[in-house]
Structures are given as structure tokens and as C-alpha cells.
Amino acid sequence: MPPTTPAPAAVPFPGSRPSRFARLFALLFGLTTVASWWAARVDLSTLFSREAFRNALVFVAGAFPPALSQDFLLFLVRPTLETVQISLLGTAVALVIGFPLGVLATASLAHAGPLHELDLSGRPVRRLLRFIPYGLSRALLSLFRSVPELVWALVFVRATGLGPFPGVLAIGVAYGGILGKVYSEIFEAVDARPLEALQATGASRWRVFWYGMVPQAFPHLVSYTLYRWECAIRASAILGFVGAGGIGQQIEISMRMFNFGEVVTLIGILVLMVAGTDALSLRLRRRVL
Amino acid sequence: MYRAEGLTKVFPGAIRAVDGLDLKIGSGERVAFIGPSGAGKTTLFRLLNCTLKPTAGRLWVAGQEVEHLHGASLRAARRRIGTIYQQHNLVPRLPVVHNVLAGRLGTWSTPRAVLSLARPVEVEAAHRALHQVGIPEKLYARTDELSGGQQQRVAIARVLLQDPDIILADEPVSSVDPTLAAGIVHLLTDISRATGKTLVVNLHSVDLALASFPRIIGLRDGRVLFDLAPQAVRDETLAALYAGAPMTGPAEGALNASYDPGSSCRPLPRV
């Protein structure tokens with residue numbers, strides 16, 4: 001008789017069942033979602049009611065045909081260009097704010113990891129001095145990005161008056177915070193071994209940064225910055241609603257006049273612009289990768 | 001050039017990679033470290049090139065105690081030590097010329113280094129170094145498009161440009177075929193002989209170490225097991241060094257002597 005093997009069920013499989021914490025978390029997540037349904041007053045009957053249908057019909061009927069008269073289209077050239085300018089300049093300002101702060105906020109460059117092991121050993125004051133600019137830039141970046149660009153726009157419209165300039169500043173500051181944070185994460189994620197080798201030649205931190213970190217991070221930096229530019233085009237439309245110029249301001253005006261045909265044309269232009277940046281950034285990414 | 005007393009490096013998790021090591025290496029000496037994987041050779045090299053901080057013990061490089069080096073003096077000490085890494089540790093996306101010129105980073109000012117990224121300076125010297133290691137045509141190739149052996153040679157060219165007093169080579173021939181391996185080792189020993197540079201290498205290939213180096217140090221569990229001239233290294237010495245270690249490469253001959261199928265190579269019991 002062949003030796004009997006113990007039944008597989010008798011062998012415990014550690015970790016094969018979700019832990020108590022994971023199950024509790026899933027339960028809470030489910031309960032929160034259901035509770036939110038009530039809290040947010042989701043009521044599908046209002047969406048599918050006869051009245052909602054009638055209102056939607058008014059909008060759709062008004063939207064067709066879209067406004068395509070030559071006068072209107074010619075009139076739109078300026079706000080369209082304005083939107084492109086706001087998004088481009090806003091991203092440029094964000095780059096100018098985000099890059100230096102992002103570099104300062106990179107822990108592996110400032111004070112942590114093998115690049116500093118020997119240099120900072122037994123020198124707490126030096127370590128503190130290195131930590132101060134790091135901490136300050138992180139705090140600043142987090143302030144910039146925790147205030148949404150719409151709120152920044154309201155602040156800058158107050159300060160500088162209506163027009164595209166407050167839009168540029170709003171995108172610049174809010175996106176500067178985002179870019180800086182993401183840049184620092186990209187820099188921290190590069191392969192550290194080449195950095196160690198560069199440092200071993202006697203190179204200073206900044207030379208290690210330019211030769212080791214920047215080349216490794218470059219495609220990711222370009223790719224993310226282009227994506228942010230695409231976001232800035234959309235954002236500049238929203239900012240128009242609070243008087244920061246561009247195509248958004250026209251959407252807001254046409255909406256208020258119940259001129260839905262114009263709204264459809266404007267939204268069409270916005271879609272084209274976003275698709276255009278997407279195509280452009282794809283080509284750029286192919287070149288740098 | 002080097003003096004170590006009770007040199008110890010403990011990594012988080014209480015792993016003693018280097019354990020109370022005493023060592024003296026004179027100026028212009030050529031030394032080969034051999035030993036099984038995990039003997040602490042790479043950690044020792046990262047201590048010797050002033051990257052890691054010793055957990056205990058003392059280490060002097062060219063008369064200066066490493067613990068007292070900081071900032072500018074630390075960079076000056078590192079400039080005099082050139083390291084060739086097992087994984088090359090080149091910047092993959094840069095053209096070869098910049099990876100070779102990186103050997104100059106210790107001497108260049110930061111603005112000059114950044115300008116050189118836009119328009120490389122001292123290209124002549126970089127080309128000469130690449131010629132010396134046999135791949136002058138790769139000057140403007142992208143580094144990550146080279147084979148492992150070619151990258152290894154770029155790393156050597158970088159050290160040539162750095163022109164250090166000490167060359168540390170951590171498994172410099174692990175990614176090349178045996179003929180080329182001998183060529184690279186001879187290149188390094190020739191440079192050392194011609195210029196009087198101290199040469200310290202880790203070698204997987206015991207035969208190559210015995211043939212090319214006047215001093216062989218056996219490292220095991222972070223300690224020096226023996227420190228002998230190659231003529232004095234016997235099969236039993238090597239067997240003791242590699243006993244129980246997994247078999248790798250050309251050390252097999254030495255291993256077979258002590259190979260005991262009952263000790264560590266038994267297949268795991270099935271549950």
C-alpha cells in the first residue's frame with residue numbers, strides 16, 4: 001500500500017486569506033459608498049424625469065445647428081489664442097516655480113541615502129542645514145498645490161483685474177506646486193547606482209545631479225510637463241468662468257444668454273485644442289524617449 | 001595606501017558584511033581579493049572608495065582617516081580613487097563620451113560640467129581612453145545600446161580619464177568572455193605597473209587572479225581568511241575558502257575537492 005499523504009486541506013496557507021484589516025477596510029469602504037449615495041442626494045428619478053428630459057431637449061434643440069457663422073468664428077480667434085497663451089505661459093511659469101523647488105525637495109539629493117552617508121556622518125548641524133531648504137520647499141510646494149487653481153484665479157483677479165494675466169498666474173502657481181512635487185518624486189526614483197559611481201569620482205552633489213539624475217529623469221520630466229500643459233488648457237477654460245479670459249469666458253457668456261449653439265461650437269474648439277496638444281506631446285515624447 | 005583596523009560594516013537587519021577586518025595595502029601594490037559570493041567583497045570596496053561609513057573600526061586612505069573626511073576634503077580623497085563597478089553603473093541614457101568624461105567631474109567646476117553636457121569638452125582625451133580599451137568607434141553611441149562587455153570598457157575608460165592614484169575594480173570581467181577578461185585584467189595590471197597606481201580588484205576567476213597578481217587575499221564572511229603570494233595558494237587553501245559555497249565559474253576545480261553531496265546540496269524534502 002502506498003504511503004498516504006496528508007490531505008492538502010490540513011496544510012495551512014499563510015496569507016492566502018485577506019487579513020482582518022483588509023476585510024474590515026472593504027466593509028467600511030462599501031458602507032461609505034452606500035452612505036454617500038444618500039448624503040449626496042443621488043436621485044436618478046430627477047435625472048430621468050419628464051421635466052429633466054424636457055430641459056435637456058431645449059438644450060439639445062438649441063444646440064443644433066451649432067453656431068458656425070463666419071462672424072462668430074472670426075470673433076472666436078482671439079479668445080482661442082488667449083486660451084492657448086494662458087495655458088502655455090501658465091505652464092512656463094509653473095516650470096520656473098516647480099523645477100527649482102522640486103530639485104530642492106528631492107530627499108536623495110538633499111540629505112538622505114548613500115550620497116550623504118559618509119559626508120554627513122557625525123555632523124548634525126550640517127545635516128540640519130541641508131534639511132532646512134528641503135523642508136521649506138516641500139512646505140511651499142504643498143501650499144501651492146493644495147489651493148485649487150480656481151481659488152488662486154479668484155485671488156489674482158482681485159489683485160490684477162479681469163483678463164488673461166490672473167489666469168496665467170493661477171495656473172503657474174497651482175501647477176508649479178504639482179510639477180515640483182512630481183519632479184522631486186521622479187528624481188528620487190532614478191537608479192541610484194550611477195549616482196554613487198559619479199560621486200565616487202569626487203564629483204559634487206550638483207555635478208552628480210546634472211550628470212546622473214537629469215539624464216535619467218529627462219523623458220519622465222518632459223512627458224509629465226506636457227501632460228500638465230494639456231491639463232492647463234482645460235483649466236484655463238474653467239478659469240474663464242471667473243473672469244480670467246480665454247474661451248471659458250465666452251462659454252460662460254453664451255451659457256448665460258441661453259445660446260447653446262455657440263456653447264457647442266466653443267466646446268468643439270476646446271476638444272480640438274486638447275486633442276492637438278495630445279498629438280503634439282506624443283510626437284515630442286517619441287523624440288526624447 | 002590603505003590601512004584598516006577592525007573595519008566593520010553592519011547593514012540594517014544585523015547583517016555583518018565586513019567583520020573586524022585588518023588590512024594594509026602599500027602604494028603601487030597590485031592585490032586581488034577572491035572569495036565566495038556574499039563574502040563582503042563589494043561592501044569592502046564601497047568602504048575603500050569612501051562611499052559607506054564604517055560601523056566600527058578605522059580606515060585610512062593615503063594617511064588620512066576616512067572618518068575625518070567631509071565636504072571638500074572627502075571629494076579630494078574620492079578624486080584619487082577610481083572605481084570600476086561590477087554593474088558598470090554608467091548613466092544609461094547619456095552618450096558614451098559623457099560617461100567617459102564623467103571621470104573628470106572631480107576636477108571640473110559645475111558650470112564647466114554642465115556646459116560639457118551641451119557641447120563636450122576634452123573629447124580628444126575621451127577618444128584616447130576609448131581607443132586604449134578598444135572601442136574608439138563608440139564615442140557618440142548611446143551607452144545603453146552597448147553590450148555588457150562594451151559598457152565594462154566604457155567604465156574603465158572613465159577611470160582612465162579620472163587618472164586616480166588607486167584603482168578599485170569590483171569584478172571588472174564578470175560580463176565579458178574569458179579571452180576578453182584576460183585582456184582587461186592585463187590592461188589594468190599594465191596601467192598599474194606603468195604608472196605606479198595601486199590596483200585592487202575583486203575577481204571571480206581564481207585562475208586569472210593567481211596568474212596576474214602578486215598578492216592574493218581570500219575573503220570569507222567579511223574576514224580575511226588568507227593573505228598570500230599566488231605560489232603559496234594551495235588547493236586546500238581554496239577549498240577552505242569556498243567550502244559549502246555554491247559553485248560558480250572557474251573556481252569549480254577547487255570546489256570539487258571539498259564537494260560533499262551530503263552537506264548542503266541535498267534536495268529539500270517534499271512536504
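Here the structure is a predicted model, which means the values were calculated and not measured.

Draft legend 1. Summary view of the overall build of chain A. A count of helices and strands for chain A gives 12 helices and 0 strands. Traced from its N-terminal end to its C-terminal end, chain A shows the element sequence α-α-α-α-α-α-α-α-α-α-α-α. What you see for chain A is a C-alpha radius of gyration of 27 Å, clearly larger than the 19 Å of a compact globule of 289 residues, by over 25%. By its C-alpha atoms, chain A is 75 × 70 × 35 Å across when sized along the principal axes. Buried residues in chain A amount to 34% of all 289 residues. Taking all contacts inside chain A whose residues are at least 6 apart in sequence as the whole, residues at least 24 apart take part in 76%.

Draft legend 2. Examining the overall build of chain B more closely. Helix and strand content of chain B: 10 helices and 10 strands. By residue count, 43% of the 271 residues in chain B fall in the buried class. Put simply, 66% of the contacts in chain B that link residues at least 6 apart link residues at least 24 apart.

Draft legend 3. Highlighting the interface of chain B and chain A. At the interface, 30 residues of chain B touch 24 residues of chain A. For the side of chain B that touches chain A, the secondary structure elements donating two or more residues are helix H2 (71-79) and helix H4 (110-118) of chain B. At 6 residues, the largest contribution of residues to the side of chain B that touches chain A is made by H2 of chain B. Within the side of chain B that touches chain A, the residues separate by chemical class into 13 nonpolar, 12 polar and 5 charged.

Draft legend 4. Examining the sheet that holds strand E10 (residues 223-228) of chain B more closely. Residue and element names in this part refer to chain B. A sheet is described by the order of its strands in space; here 6 strands give the open sequence E6-E7-E8-E3-E9-E10, paired in mixed fashion. Each edge of the open sheet carries a strand with a single partner, namely strand E6 (81-84) and E10. Strand after strand, the sheet turns through a mean of 15 degrees between neighbouring axes, direction not considered. Each of strand E3 (30-34), strand E7 (166-170), strand E8 (198-202) and strand E9 (215-220) touches helix H1 (residues 41-48); the most contacted strand, E7, lies at about 155 degrees to it.

Draft legend 5. Spatial organisation of the sheet that holds strand E1 (residues 2-11) of chain B. Residues and elements named next belong to chain B. In space, the 4 strands of this open sheet follow the order E2-E1-E4-E5, with antiparallel pairing throughout. For this open sheet the edge positions go to strand E2 (15-25) and strand E5 (64-65), each flanked by a neighbour on one side alone. Strand direction decides the pairing type here: E1 and strand E4 (residues 56-61), joined by 5 bridges, are antiparallel. Looking at E4, one finds that Tyr2 is bridged to Val61.

Draft legend 6. Looking closely at unusual backbone geometry. Residues and elements named next belong to chain B. With a phi angle near 60 degrees, Cys50 is a residue other than glycine that sits in the positive phi range. In this structure, Asp221 takes a positive phi of about 50 degrees despite not being glycine. With respect to the secondary-structure elements, Asp221 resides in the loop between E9 and E10.

Draft legend 7. Structural context of the nonpolar core. Among the nonpolar cores identified, the biggest contains 122 residues, and Ala170 and Ile171 of chain A together with Ala32, Val100 and Ala157 of chain B are the most heavily contacted of them. Considering every element that reaches this core, the biggest residue donor is helix H8 (residues 164-189) of chain A, with 12 residues. For this core, the domains that each give at least three residues are domain 1 (1-80 + 164-250) and domain 2 (88-163) of chain B.

Draft legend 8. Examining the domain arrangement of chain B more closely. Residues and elements named next belong to chain B. Split into domains, chain B comes out as domain 1 (1-80 + 164-250) and domain 2 (88-163). Computed over C-alpha atoms, the centres of domain 1 and domain 2 are 25 Å apart. Counting residues at the interface gives 11 residues for domain 1, matched by 10 residues for domain 2. For the side of domain 1 that touches domain 2, the residue count by class is 7 nonpolar, 1 polar and 3 charged.

Draft legend 9. Expanded view of the environment of Leu169 of chain A. Summarising the element assignment, Leu169 of chain A is placed in helix H8. Taking the C-alpha atoms as reference points, Leu169 of chain A and Trp152 of chain A, 17 residues apart in sequence, are found 7.9 Å from one another.

Draft legend 10. Representation of the pairing of E1 of chain B in the model. Residues and elements named next belong to chain B. Of the strand pairs in this sheet, E1 and E2 are connected by 7 bridges, and their pairing is antiparallel. Within E2, the residue paired with Tyr2 across the bridge is Ile25. From the end of E1 to the start of E2, which pair antiparallel, there are 3 residues, and Gly13 there has a positive phi angle of about 95 degrees.

Draft legend 11. Structural detail: the packing of helix H10 (residues 205-240) of chain A against helix H12 (residues 260-288) of chain A. Residue and element names in this part refer to chain A. Running from N to C, H10 and H12 point in directions that differ by 175 degrees, and their axes come no closer than 10 Å. Here H10 lies roughly antiparallel to H12, going by the angle between them. Taken together, the residues of H12 that come into contact with H10 (itself represented by Phe218, Pro219, Val222, Ser223, Leu226, Tyr227, Trp229, Glu230, Ile233, Arg234 and Ala237) are Leu270, Met273, Val274, Thr277, Asp278, Ser281, Leu284, Arg285 and Val288. Broken down by class, the residue content of the contact of H10 with H12 amounts to 13 nonpolar, 3 polar and 4 charged.

Draft legend 12. Highlighting the confidence of the model for chain B. Residues and elements named next belong to chain B. The share of residues in chain B with pLDDT of 70 or more is 90%, and the mean pLDDT across the chain is 87. Here residues 247-271 scores under 50 on pLDDT; set against residues more than four positions off or in separate chains, the count is 23 contacts. Two summary scores accompany this predicted model of the complex, namely pTM at 0.82 and ipTM at 0.86.

Draft legend 13. Looking closely at the environment of Cys50 of chain B. Looking at the element boundaries, Cys50 of chain B is found in the loop between H1 and E4. Note on Cys50 of chain B: 25 C-beta atoms within 10 Å, which makes it buried. Placed 16 residues apart in sequence, Cys50 of chain B and Val66 of chain B show a C-alpha to C-alpha distance of 7.0 Å. With sequence-adjacent residues up to four places away left out, Cys50 of chain B is seen in contact with Leu118 of chain A together with Val61, Val66, Leu69, Leu74, Ala77, Arg78 and Ile81 of chain B.

Draft legend 14. Inspection of helix H9 (residues 235-242) of chain B at higher detail. If you check which residues of H9 of chain B are buried, you get Leu238, Leu241 and Tyr242 of chain B. An end-on view of H9 of chain B places all buried positions within 80 degrees of arc, on one side of the element.

Draft legend 15. Structural context of the pairing of E10 of chain B. Residues and elements named next belong to chain B. Pairing of E9 with E10, which is carried by 5 bridges, proceeds in the antiparallel orientation. Note that in E10 the partner of Ile217 across the bridge is Asp227. Hairpin geometry of E9 and E10 is characterised by an intervening segment of 2 residues between the two adjacent antiparallel strands and by a positive phi of about 50 degrees at Asp221.

Rules used throughout
- Every residue gets a number counted from 1 within its own chain, in the order that chain's sequence is written.
- For this description, chains carry letters from A and ligands carry numbers from 1, given in the order in which they are written.
- Given that the model is predicted, a residue must reach a pLDDT of at least 70 before its local features are reported, and side-chain atom pairs must reach 80 or more before they are shown or counted; all residues, however, enter totals for whole chains, interfaces and linings.
- We count a stretch as a helix when DSSP gives it H or I for four or more residues in a row; a strand needs E for two or more, and each element gets its number in order from the N terminus.
- The reference for a compact globule is 2.2 Å times residues^0.38; the radius of gyration itself is calculated from the C-alpha atoms.
- Every C-beta atom is placed from the backbone, and the number of other C-beta atoms within 10 Å of a residue's own sets its class: buried at 20 or more, exposed at 12 or fewer, partly exposed in between.
- Distance between backbone-placed C-beta atoms decides contact: two residues are in contact if it is within 7 Å.
- Asp, Glu, Lys and Arg are counted as charged, while Ala, Val, Leu, Ile, Met, Phe, Trp, Tyr, Cys and Pro are counted as nonpolar; the rest, among them Gly, fall into the polar class.
- Pairing between strands is defined by DSSP: at least two bridges between the two strands are required.
- Note on definitions: angles span 0 to 180 degrees between N-to-C directions of axes, and those axes are lines fitted to C-alpha atoms, for helices only across the stretch in contact.
- Joined through C-beta atoms within 7 Å, a set of buried Ala, Val, Leu, Ile, Met, Phe, Trp, Tyr and Cys residues constitutes a nonpolar core.
- Domain extents, as shown, originate in an automatic or database domain assignment.
- Here the angle decides the label: under 35 degrees means roughly parallel, over 145 means roughly antiparallel, 65 to 115 means roughly perpendicular, and every other value means oblique.
- What pLDDT expresses is the predictor's confidence in each residue, scored from 0 to 100.
- By definition, the arc is the one covered by directions from the helix axis to the C-beta atoms.

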